[in-house]
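# Structural description and commentary
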Amino acid sequence: MLPILSFYAILLALTLALEPWVRRLGVPLGVVLVLLGFVGSEMWVATGGDTGLHWQWFHDLIVHLLLPILIFEGAYNLAPRQLLRNLLPILTLALPVMLLCTAVTAALLYLGIGHPAGFPWLAALIAGALLSATDPTAVLEVLRRTGAPLRLQLLLDGEGLFNDANAIVLFTFLVALATGDRAWARWDESALAMVGVLIGGAVVGLAVGALAVRLGRALDRPVERGVLTLITAYGGFALAIQLGVSGVVAVLCVGLLFGQHRRRAPDDEALSVLWAYKAWLANRLLFLIAGITVQLVMFTDQWLAILIGIGATLVGRAAAVLLLLPLTVRLPGTERLPGTWYPLLWWGGTRGVVTLALALSLPVELPYWWTIQSIAYGVVLWTLLVQAMSMPLVLRWLRP
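Residues numbered from 1 in each chain as written. Predicted model: local features only at pLDDT ≥ 70, side-chain atom pairs only at ≥ 80, totals over all residues. Heavy atoms only, no water.

### Let's talk about the overall build of the protein
As a reminder of what qualifies: The helix and strand labels rest on DSSP assignments: H or I over at least four residues marks a helix, E over at least two residues marks a strand, and numbering proceeds from the N terminus. Our radius of gyration is a C-alpha quantity, and the globule rule it is checked against amounts to 2.2 Å times the number of residues to the power 0.38. Only protein chains enter the accessibility calculation, which uses a 1.4 Å probe; a residue is then buried when its area is under 20% of its type maximum, exposed when over 50%, and partly exposed in between. Two residues qualify as a contact provided that any one of their heavy atoms is within 4.5 Å of a heavy atom in the partner residue.
Scanning the protein from N- to C-terminus turns up 19 helices and 0 strands. Over its C-alpha atoms the protein spans a radius of gyration of 20 Å, differing by no more than 12% from the 21 Å that the globule rule assigns to 400 residues. Considering only C-alpha atoms, the protein reaches an extent of 55 × 55 × 50 Å along its principal axes. The buried share among the 400 residues of the protein stands at 54%. Counting contacts in the protein only where the partners sit at least 6 residues apart, residues at least 24 apart contribute 82% of the total.

Listed below in C-alpha cells is the structure:
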C-alpha cells in the first residue's frame, strides 16, 4: 500500500508544480494530466510498481467517492439569485437538450458504427448518455480571462451541473438495463421510472439538506460545520441509493441548500476552501486515473469509432441547442439570448471529468465497454484540445 500511496503522491506533487506553467501556456489542464498519468504509470509499471487500480473497484471509486464531491462543490458555489433568473434556459440545456443530444448522438453512433451485434442500440444509448455530460471548466477559464458576459458563464456553469446529474441518472438507468439489474419495460414506463428516480433523489436531498442546515446553526466552529457538510453529502447520497432513487440528484440538492445558507452566514467561507480542496483532488485524480488507464491501442484499434463519436457529439449538441433553446427563451417572462451566444453554447459544450468518470465506471462484462470507453476518451481529448483551445478565436470572431 505504501508504494501505491507514494506513486499518487508523486503524481499530485507534479500536478501542483505544473499547474502554474499550464495556466500561463493556456493549455487545458486535463490534457496535461492525462499525459502525466499515462507517462507516470508506464514508468512506474516498468520498474515493477503497482498503480493499485483494478477494474472491479472503478465503479465504487468513481461513482461513490469522487463524483459526489464534484457535484456538491459545484452546487455549493452556484449563485442562487442569478440561477433563479436563468433557471428555465439552464434546465432546458440540462434536460431536454441533454435528452435530444443523447438521442441524436446515439442514432449517429449506431448508424455510423453499423454493427448491430457488437454495438447494439443499447450500447449506442449508453455512449450517447455519457457523451452528453458537459464539463465547461476549461471553457469557463477562457470566458473569465476574456471578460465574457457573466450570464453566458452562468448558463454554461449551471448547465454543466444540472446536466451532469441528469446524464448520470440516465447512464445508470441504461447500464442497469444492459446488465440485467433492471427489467425491460415499455418506453413510457421507463420514462416514468426515471422521472421518479429524479424526483425521489430531489426529495431525499432537500429533506436531508434542510435537516443538516438546521443542525449546522447550532455548531459554532467552522471545522464542525465542515464535517457536517461532508457527512450530509455522502449520507444523503447513500440514503438515496438505498431508497432506489438518484444519489447524485440528492447531493446536488444538498449542495444547493448549503450554498444558499452560506450566503446568509458569511463566516462560513472556510467551507468554500474546504470543498475547493476536495474538488481539486477529485478533479485531478479523475484525469490522472484516465491517463493511467488509457492505452494507445484505443486510438489505433478504435480510431474510426472515435471519429464517428466526435462527429456524432458535435451534431447532437448542435441539433439540441439550436432547435430547443431558441423555443424556450421565447416564452413569456424569459430573457432573450443574443444570437451570437448559440454557437458559443454549442462549441462550449466540452466534455471532461464526468464523461471520463462514467466511462471508467462501465462494467467490463458488457461486451462493448471497450468501444464506448475508447470513444469517450477520444471525445474528451478532442473537446479539450480543439474546442476549448479554439474558444478565444471563436470569442474574437463572434464578439458576444
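### Brief notes about the side chain of Arg 317
Filter applied, for reference: Within 3.5 Å is the distance limit for a polar contact, defined as a pair of N or O atoms, with the added protein rule that one can donate a hydrogen and the other accept it, and that residues adjacent in sequence qualify only through two side-chain atoms.
For Arg 317, the location among the structural elements is in helix α15 (residues 303-328). Assessed through its relative accessible area of 3%, Arg 317 is described here as buried. Looking at Arg 317, its side chain comes within polar contact range of the side chain of Glu 159, at 2.5 Å. Polar contacts involving the side chain of Arg 317 include one to the main-chain carbonyl oxygen of Leu 345, which spans 2.6 Å.

### Comments concerning the nonpolar core
To keep things clear, this is the line we draw: Note on terminology: a nonpolar core comprises buried Ala, Val, Leu, Ile, Met, Phe, Trp, Tyr and Cys residues joined through side-chain atoms within 4.5 Å.
One finds Ile 126 and Ile 372 to be the most contacted residues of the largest nonpolar core, which totals 134 residues. Of all the elements, helix α9 (residues 150-179) adds the most residues to this core, at 16 residues. Those residues within four positions of Ile 126 in sequence are excluded, and the remaining contacts are Phe 171, Leu 174, Val 175, Ala 178, Leu 362, Tyr 368 and Ile 372.

### Some details on the packing of helix α7 (residues 121-131) against α9
Our working rule: Here an angle of 0 to 180 degrees is reported between the N-to-C directions of two axes, which are lines fitted to C-alpha atoms, with helices fitted over the stretch in contact. Angular relationships are summarised with four words: roughly parallel below 35 degrees, roughly antiparallel beyond 145, roughly perpendicular across 65 to 115, and oblique for the angles in between. For a crossing to be left-handed, the near helix must be turned anticlockwise from the far one by less than a right angle; the clockwise case is right-handed. Each residue is assigned to one class: nonpolar for Ala, Val, Leu, Ile, Met, Phe, Trp, Tyr, Cys and Pro, charged for Asp, Glu, Lys and Arg, and polar for all the others, Gly among them.
Packing of α7 against α9 leaves a shortest axis separation of 8 Å and a crossing angle of 160 degrees. It follows that α7 is roughly antiparallel to α9 by the angle criterion. The way α7 lies across α9 gives a crossing that is left-handed. Taken together, the residues of α9 that come into contact with α7 (itself represented by Leu 122, Leu 125, Ile 126, Ala 129 and Leu 130) are Ala 167, Leu 170, Phe 171, Leu 174, Val 175, Leu 177 and Ala 178. Grouping the constituent residues of the contact of α7 with α9 by class yields 12 nonpolar, no polar and no charged.

### Notes on α9
An α-helical turn contains 3.6 residues, so a residue and the one three or four places further along point in the same direction. Put simply, the test is: How far a helix is expected to stretch is found by multiplying one less than its residue total by 1.5 Å.
Taking 1.5 Å as the rise per residue, α9 with 30 residues should run 44 Å; its terminal C-alpha atoms sit 43 Å apart, in good agreement. Within α9, 25 of the 30 residues are buried, which leaves it mostly tucked inside the rest of the structure. Just downstream of α9 lies Gly 180, where phi reads positive at about 85 degrees.

### Structural notes on the packing of helix α6 (residues 96-113) against α15
Viewed as axis vectors pointing N to C, α6 and α15 meet at an angle of 145 degrees, and their least axial separation amounts to 8 Å. As for the relative orientation of α6 and α15, their crossing is right-handed in sense. Residues Pro 96, Val 97, Leu 100, Cys 101, Val 104, Thr 105, Leu 108, Leu 109, Gly 112 and Ile 113 of α6 lie in contact with α15, whose contacting residues are Ala 305, Ile 308, Gly 309, Ala 312, Thr 313, Val 315, Gly 316, Arg 317, Ala 319, Ala 320, Val 321 and Leu 324. Its residues placed into classes, the contact of α6 with α15 shows 16 nonpolar, 5 polar and 1 charged.

### Some details on the pattern of salt bridges
This is how the line gets drawn: Within this document, salt bridges are pairs made up of a side-chain nitrogen of Lys or Arg and a carboxyl oxygen of Asp or Glu, the two lying within 4 Å of each other.
Enumeration according to the criterion identifies 3 salt bridges in this entry. Glu 159 is the partner of Arg 317 in a salt bridge, and the nearest nitrogen-oxygen pair spans 2.5 Å. Highlighted residues: Arg 317 in helix α15 and Glu 159 in helix α9, separated in sequence by 158 residues. The two residues Arg 317 and Glu 159 agree in class, both being buried. Salt bridges sharing common partners tie together Glu 19, Arg 23 and Arg 284.

### Description of the environment of Gly 52
Summarising the element assignment, Gly 52 is placed in the loop between α2 (29-46) and α3 (55-76). Apart from residues no more than four positions distant in its own chain, Gly 52 is found in contact with Ile 4 and Trp 57.

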